[in-house]
Amino acid sequence: MAKVLHILASPRGDRSKSRQVGEALLQAYRSRLPDDEILELDVFTTPLPDFDGPVLQAKYNILHGQESSEQERRAWSRVEAVIEEFKAADKYVLSVPMWNFGIPYRLKHYFDVLVQPGYTFSFDREKGYSGLVTGKPVVAIYARGGEYSAAEVAHLDFQKRYVETVLGFMGFTDIQSIVVEPTLAGGPDLAANRLQEAIERAKEVAQSL
């Protein structure tokens, strides 16, 4: 039995287009693999550790092989708990809206907690960086108010590019993407059509996840 982690990055609840596509994908997935476990992690409601002084110092202590204080160890244990929950999954679905050409700040916070040396990546002087979260598939769903797939505006897309860069850095190679756009700029009729197209695509992707 596999464990699927659905990471939600929109505070809009059921109105979120990326969430609607993600849930359509997971509904189709449940029909195919009903015994698998599906968990939700909403970055806007899940407490995430702050990267404040004790956490940063604990990180540098690890990097330099130094001992941490009790306060620093407690702070770092919260980071480890988030990473362990993430790495415990076998498959991943991300539902991500575009905010100001990039990703919501809470998802950036989540990634900043996850991407840690010795946990999700390693470094070797000869080989360079290597991801440690390997052999696991991920489907990333992106919703955008405008249409950024056109060549003349593709350079403004720091959403999909950033997410896939971070995933790749952590070791993911099996990354499938579903884009729903425009959700605003083309009017409600076009938005509804594109949403339905993305949902149908999600159902197809679910058959191979």
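A brief look at the structure comes next. (Residues numbered from 1 in each chain as written. Predicted model: local features only at pLDDT ≥ 70, side-chain atom pairs only at ≥ 80, totals over all residues. Heavy atoms only, no water.)

## Some words on the layout of surface pockets
Here comes step 1: When its volume is computed, the largest pocket comes out at roughly 260 Å³.
Here comes step 2: Every residue lining the largest pocket is counted, 13 residues in all, and those nearest its centre are Arg12, Pro97, Met98, Gly145 and Thr183.
Here comes step 3: For the lining of the largest pocket, the per-class residue count stands at six nonpolar, four polar and three charged. (1 Å grid on protein atoms, 1.4 Å probe; cavity = no way out; pocket = protein on both sides within 12 Å on 5 of 7 lines; lining within 4 Å. Points joined across faces, edges and corners; volume = space filled by probe spheres on them. Nonpolar A, V, L, I, M, F, W, Y, C, P; charged D, E, K, R; others polar.)

## Thoughts on helix α6 (residues 188–206)
Here comes step 1: The terminal C-alpha atoms of α6 lie 27 Å apart, and with 19 residues this matches the ideal 27 Å at 1.5 Å per residue to within 8%.
Here comes step 2: If you check which residues of α6 are buried, you get Ala191, Leu195, Ala198, Ile199, Ala202, Val205 and Ala206. Seen end-on, α6 carries its buried residues on one side only, within an arc spanning 120°. For α6, exposure combined with an orientation more than 90 degrees from the buried face picks out Asp189, Glu197 and Glu204. (Helix = DSSP H or I, 4+ residues; strand = E, 2+ residues; numbered from the N terminus. Expected span 1.5 Å × (residues − 1). Buried < 20%, exposed > 50% of the residue type's maximum accessible area, 1.4 Å probe, protein only. Arc of directions from axis to C-beta.)

## Comments concerning the packing of helix α1 (residues 17–32) against α6
Here comes step 1: In contact at an axis separation of 8 Å, α1 and α6 are set at 30° when each is read in the N-to-C sense. Pair α1 / α6 crosses with right-handed handedness. Here α1 contributes Lys17, Gln20, Val21, Ala24, Leu25, Ala28, Tyr29 and Arg32 to the contact with α6, which in turn contributes Leu195, Ala198, Ile199, Ala202, Lys203, Val205 and Ala206.
Here comes step 2: Per-class residue counts for the contact of α1 with α6 are 11 nonpolar, one polar and three charged. (Axes fitted to C-alpha atoms, helices over the stretch in contact; angles between N-to-C directions. Left-handed = near helix turned anticlockwise from the far one by under 90°. Contact = heavy atoms within 4.5 Å.)

## What about the side chain of Glu181?
Here comes step 1: Tracing the backbone shows Glu181 in the loop between β7 (175–180) and α6.
Here comes step 2: Note on Glu181: relative accessible area 5%, which makes it buried.
Here comes step 3: A polar side-chain atom of Glu181 sits 2.7 Å from a polar atom in the side chain of Ser149.
Here comes step 4: Every residue in contact with Glu181, bar those within four places of it in the chain, is listed here: Arg144, Gly146, Glu147, Tyr148, Ser149 and Arg194. (Polar contact = N/O pair within 3.5 Å; in protein donor to acceptor, adjacent residues only side chain to side chain.)

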